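One letter stands for each residue in the lines below.
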Amino acid sequence: YGVMAAGSASYLIWRHPVANMVARASAPIGAMFTALCLLTGMLWGEPMWGTPWVWDARLTSMLVLFFLYLGYMALGDAFDRPEQGDKAAAILALVGAVRLPIIKFSVDWWNSLHQPSIFSMAGVSVDTAMLPPLFLMVGAFQFYYVVVVLMRVRAHVLAAKVRAARLMRAA
């Protein structure tokens, strides 16, 4: 979501079309990651808490983030003129960026079922044997994200070229 917000800010301030393409390409991937987070959390929560869902601060914040992703994608495609949709979606992305620190610090601010962050002032909160596989998977998810965003931006660029060619042919 941070990449979406940065791309949206660049699009609104400097009208950079590639920044908007990066933001638009990031939204479905972020929505998928957020949905996976919520679903696997529910699968884990059932045996741990006895229920798949509790209205915990972090869970609720992640659910709101998921709805922001869906709203961003829907709002971007809701207008007849793509420029209007892009502008409205960019504004929503910037407004939604307020959620990021809320999600990050929700465990510290409210009494939560979740453990605190991995690294804190008190030290590492997980067993050190879990850190290498954790960082390996973080790297794998980041790599996947970058590759898929680049593929989606390329598809956006090619679609824009096709639209431009059709407009030229029609004129």
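Owing to the predicted nature of the structure, the values given are computational and were not obtained by experimental measurement.

Conventions we followed
- Residues numbered from 1 in each chain as written.
- Predicted model: local features only at pLDDT ≥ 70, side-chain atom pairs only at ≥ 80, totals over all residues.
- Heavy atoms only, no water.
- Helix = DSSP H or I, 4+ residues; strand = E, 2+ residues; numbered from the N terminus.
- Buried < 20%, exposed > 50% of the residue type's maximum accessible area, 1.4 Å probe, protein only.
- Contact = heavy atoms within 4.5 Å.
- Phe/Tyr/Trp six-rings, centres within 6.5 Å; stacked < 30°, edge-to-face > 60°.
- Lys NZ or Arg CZ within 6 Å of the ring centre and 35° of its normal.
- Axes fitted to C-alpha atoms, helices over the stretch in contact; angles between N-to-C directions.
- Parallel < 35°, antiparallel > 145°, perpendicular 65-115°, else oblique.
- Left-handed = near helix turned anticlockwise from the far one by under 90°.
- Expected span 1.5 Å × (residues − 1).
- Patch = residues over 30% accessible without salt bridge, like charges linked within 9 Å, V, L, I, M, F, W, Y side chains within 5 Å.
- Areas by Shrake-Rupley, 256 points an atom, 1.4 Å probe, with all protein chains shown as cover.
- Salt bridge = Lys/Arg side-chain N within 4 Å of Asp/Glu carboxyl O.

J.: Explain the overall build of the protein here, please?
T.: Secondary structure assignment for the protein yields six helices and two strands. Along the chain direction, N to C, the helices and strands of the protein fall in the order α-α-α-α-α-β-β-α. Counting only C-alpha atoms, the protein reaches 65 × 30 × 30 Å along its principal axes. Taking all 171 residues of the protein together, 30% fall into the buried category. Expressed as a percentage of contacts within the protein between residues at least 6 apart in sequence, the contacts between residues at least 24 apart total 64%.

J.: Explain the packing of aromatic side chains here, please?
T.: The description of two aromatic rings rests on the distance between their centres and on the angle between their planes. Inspection of the entire model under this criterion finds seven aromatic pairs. Seen from their ring centres, Phe66 and Phe67 are 6.2 Å apart, and the 45 degrees between their planes marks the pair as tilted. Connected via pairs of aromatic rings, a cluster forms that spans Phe33, Phe141 and Tyr144. When the ring centre of Tyr11 is taken as reference, the NZ or CZ atom of Arg15 above it lies at 5.5 Å.

J.: Honestly, the packing of helix H3 (residues 57–76) against helix H4 (residues 82–96) in this entry has me stumped. Any pointers?
T.: Relative placement of two packed helices is described by the angle separating their axes and the distance separating the axes. Taken N-terminus to C-terminus, the directions of H3 and H4 make an angle of 165 degrees; their axes are 8 Å apart at the nearest point. Comparing the axis directions of H3 and H4 gives the class roughly antiparallel. Crossing of H3 against H4: the hand is right-handed. Contact with H3, carried on its side by Leu68, Gly71, Tyr72, Leu75 and Gly76, involves Gly85, Asp86, Ala88, Ala89, Ala90, Leu92, Ala93 and Gly96 of H4 and no other residues of that element.

J.: Any chance you could explain unusual backbone geometry here in plain terms?
T.: Trans is the common state for peptide bonds, and a negative phi is the common state for residues other than glycine. Even without a glycine there, the phi angle at Arg15 is positive, about 55 degrees. By relative accessible area, Arg15 is classed as partly exposed at 45%.

J.: I keep staring at helix H1 (residues 2–14) and nothing clicks. Help me out?
T.: Because an α-helix packs 3.6 residues into every turn, residues spaced three or four apart end up facing the same way. In a regular helix each residue adds 1.5 Å, so 13 residues correspond to 18 Å; H1 covers 18 Å between its end C-alpha atoms and thus fits that length. Considering only its buried residues, H1 is in contact with helix H2 (17–49), H3 and H4. Positive phi shows up at Arg15, right after H1, with a value of about 55 degrees.

J.: Whenever I open this one, a nonpolar patch on the surface confuses me. Can you help?
T.: A contiguous nonpolar surface patch, about 420 Å² in accessible area, is contributed by Phe119, Val124, Leu134, Phe135 and Val138. The greatest single-element share of the nonpolar patch, amounting to three residues, is contributed by helix H6 (residues 131–170). In this structure, Val138 sits in helix H6. Judged by its relative accessible area of 42%, Val138 is partly exposed.

Fair warning: the whole summary comes from geometry, so function is off the table for now.
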